[in-house]
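What the coordinates show
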Amino acid sequence: MKKYFMSFAVGAIGYGLTEIIFRGYTHWSMALAGGTVLILFTLINQSRNIPFLLKCLLGTVIITSIEFGVGMLVNVAAGWDVWDYSDKFLNVKGQICPQFSIVWFFLSIPAYWVCEKISERFSSEKYSF
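Residues numbered from 1 in each chain as written. Predicted model: local features only at pLDDT ≥ 70, side-chain atom pairs only at ≥ 80, totals over all residues. Heavy atoms only, no water.

**Quick notes on the confidence of the model for the protein chain**
- Mean pLDDT over the protein chain: 94, with 95% of residues reaching 70 or higher.
- At the low end of the mean pLDDT range in the protein chain sits helix H4 (residues 98–122), at 95; at the high end sits helix H3 (residues 52–77), at 98. (pLDDT = per-residue confidence, 0-100. Helix = DSSP H or I, 4+ residues; strand = E, 2+ residues; numbered from the N terminus.)

Take a look at the structure:
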């Protein structure tokens with residue numbers, strides 16, 4: 001349980017800090033999204049049978065899906081305008097776009113490494129990617 005709490009905390013802080021570095025600001029909903037993402041990555045990273053590139057593709061789908069779900073809640077339903085990708089090519093309802101999905105693929109690489117380090121810290125079993 002500690003491993004998943006730490007995964008959530010690191011994901012929440014890491015996602016928020018990444019947004020602050022690249023956008024200059026973040027929103028609390030991104031912390032929830034980032035924490036959820038890293039828990040899911042931690043679960044996926046436990047499988048030794050999934051090739052690393054496939055894990056990154058799964059990571060891309062996970063982040064894009066969570067971003068879409070959170071976006072539909074906070075941007076569309078609540079109208080908070082946390083982000084808007086309406087000007088991006090092939091965007092879906094202004095919430096996701098292929099350009100950022102590519103970024104999520106590459107962001108998955110260090111994210112899985114972080115999951116590995118968290119697993120090493122909180123478990124006697126080591127998982128390799």
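**A closer look at the packing of aromatic side chains**
- Applying the stated criterion across every chain, the model contains eight aromatic pairs.
- Ring geometry for Trp83 versus Tyr85: centroids 6.3 Å apart, planes at 40°, classification tilted. With respect to class, Trp83 is no different from Tyr85; both count as buried.
- An aromatic cluster is built from Tyr15, Trp83, Tyr85, Phe100 and Trp104, whose rings are joined through pairwise contacts.
- Cation over ring: Arg121 sits above Phe122, and NZ or CZ is 5.0 Å from the ring centre. (Phe/Tyr/Trp six-rings, centres within 6.5 Å; stacked < 30°, edge-to-face > 60°. Buried < 20%, exposed > 50% of the residue type's maximum accessible area, 1.4 Å probe, protein only. Lys NZ or Arg CZ within 6 Å of the ring centre and 35° of its normal.)

**Looking at the side chain of Ser7**
- With respect to the element layout, Ser7 can be found in helix H1 (residues 2–23).
- Relative accessible area serves as the criterion here: at 0%, Ser7 is assigned to the buried category.
- The contact partners of Ser7, leaving out residues within four places of it in the chain, are Gly35, Leu38, Ile39, Thr42 and Ile118. (Contact = heavy atoms within 4.5 Å.)

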